[in-house]
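Structural overview for review
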Amino acid sequence: MNSYGSFPGARPRRLRTTPAMRRMVAETRLHPADLILPAFVREGITEPVPIQAMPGVVQHTRDTLRKAAVEALEAGVSGIMLFGVPEDEKKDAVGTAGTDPDGILQVAIRDVRAEVGDELVIMSDLCLDEFTDHGHCGVLDADGRVDNDATLERYAEMAQVQADAGVHVVGPSGMMDGQVGVVRDALDTIGKEDVSILAYTAKYSSAFYGPFREAVGSSLKGDRKTYQQDPANLRESMRELALDLEEGADMVMVKPAGPYLDVLAKVAEAVDVPVAAYQISGEYSMVEAAAEKGWIDREKAILETLTGIRRAGGQMILTYWATEAAQWLSAGRR
């Protein structure tokens, strides 16, 4: 009993009484501009190809990719992250198609830039895994291990052809030591100082990448544990963060998002550059599968996962629901 004769004296539920009240006092707000759409474009197809493990997501043709970019822009999404899927016969040991100015990713960058100009931030995956016949993110040495420094040379070439194609932001995602610095030097050398780098700072070796392998037609043999991070480690991510910033990263990313919210929060507290988080294919597929079974409310679950990522410190969220979620948010649903 307090001095006013009532118990309890503190009633936090007063601020939860109505939707308007809850909206007014919300500590975290999602906005369409927080969202970035990852998109796949596949060479040699005339119709979009559904990705079986990711219901609702497709490998785009060049034409449907342009339409998807416009739709994302109209929904208020800030950016689009492009992944190229070459024809199988164009894959080789060093990922030549990834540095071919007429390769599918470079062509797609030019297509989207011609369609939306500077109104949508065009980002590109800077990695070799989609383009190599062994599916690894780099060049292999004689013993079949990923050669870090030989791979950096390929990343430098890749950065330059993507920049020449008109990309605004490159996303080196291979987790090679020194990749950000090499990419920055490569861009500056050809006068592309304005092209930004979104560093995949903490990219974990995760079981949740499974559906993505189908999305990019991966030829992976083995695993990526010698270059992607061990899920058990957090301090290692902070070391990677310090190195990426020292090398010139403009933005940093944690991937995956949901299982690593603690890492995301730690990174967000430590930096004064924008922080991104990638809600990856397995996170998407789990929600879609549960919703299809009727076990969860799809829209509410999607918005809850995105809010959790935003609350943990993700200023930019790469999510396959970007356009759809942006449309919901614009309509006032949350």
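Before any of the text, the structure's been laid out above.
Remember, it's a predicted structure, so these values are computed and weren't measured experimentally. Residue positions within a chain follow its written sequence, with the count starting from 1. It should be noted that, the model being predicted, local features are given only for residues of pLDDT at least 70 and side-chain atom pairs only at 80 or more, the latter also being counted only at that level, while totals for whole chains, interfaces and linings use all residues. Hydrogens and waters are ignored; side-chain quantities use all the structure's heavy atoms.

Examining the packing of aromatic side chains
When the centres of two rings from Phe, Tyr and Trp lie within 6.5 Å, Trp using its six-membered ring, the rings pair. Their planes under 30 degrees apart give stacked, over 60 give edge-to-face, and anything left gives tilted. Taken as a whole, this structure holds six aromatic pairs when the rule is applied. Relative to Phe83, the ring of Phe40 has its centre 5.4 Å away and its plane inclined at 40 degrees; by these criteria the two rings are tilted. You can see Phe40 sitting in strand β1 (residues 35-42) and its partner Phe83 sitting in strand β4 (residues 79-85), a full 43 residues away along the chain. Exposed residues in this analysis have more than 50% of their type's maximum accessible area, buried residues have under 20%, and partly exposed residues fall in between, with area computed by a 1.4 Å probe over protein chains only. Judged by relative accessible area, which is 0%, Phe83 ranks as buried. Their ring planes at 35 degrees and their centres at 4.7 Å tell us that Tyr284 and Trp321 sit as a pair that is tilted. In this pair, Tyr284 sits in helix α9 (residues 281-292) while Trp321 sits in the loop between β10 (316-318) and α11 (322-330), placing the two residues 37 residues apart along the sequence. Accessibility expressed as a relative area gives 1% for Trp321, which makes it buried. Grouping aromatic residues by their ring pairs yields a cluster made of Phe40, Phe83, Tyr278, Tyr284, Tyr320 and Trp321. Secondary structure elements are defined from DSSP: runs of H or I of at least 4 residues count as helices, runs of E of at least 2 residues count as strands, and each element is numbered from the N terminus.

As for α11
Taken together, the buried positions of α11 are occupied by Ala322, Thr323, Ala325, Ala326, Trp328 and Leu329. Among the structural elements, β1, α2 (62-75) and α10 (298-312) are those in contact with the buried residues of α11. Two residues form a contact once any of their heavy atoms are found within 4.5 Å.

Side note on a nonpolar patch on the surface
In this analysis, a patch consists of residues with relative accessible area above 30% that form no salt bridge, clustered at 9 Å for like charges and at 5 Å for the nonpolar side chains Val, Leu, Ile, Met, Phe, Trp and Tyr. Calculation of accessible area relied on Shrake-Rupley with a 1.4 Å probe; when residues are assessed, cover is drawn exclusively from the protein chains displayed. Any Lys or Arg side-chain nitrogen found within 4 Å of a carboxyl oxygen on Asp or Glu counts as a salt bridge. Together, Leu15, Met24 and Val25 line one region of the surface with nonpolar side chains, adding up to about 290 Å² of accessible area. Tracing the backbone shows Val25 in helix α1 (residues 19-25).

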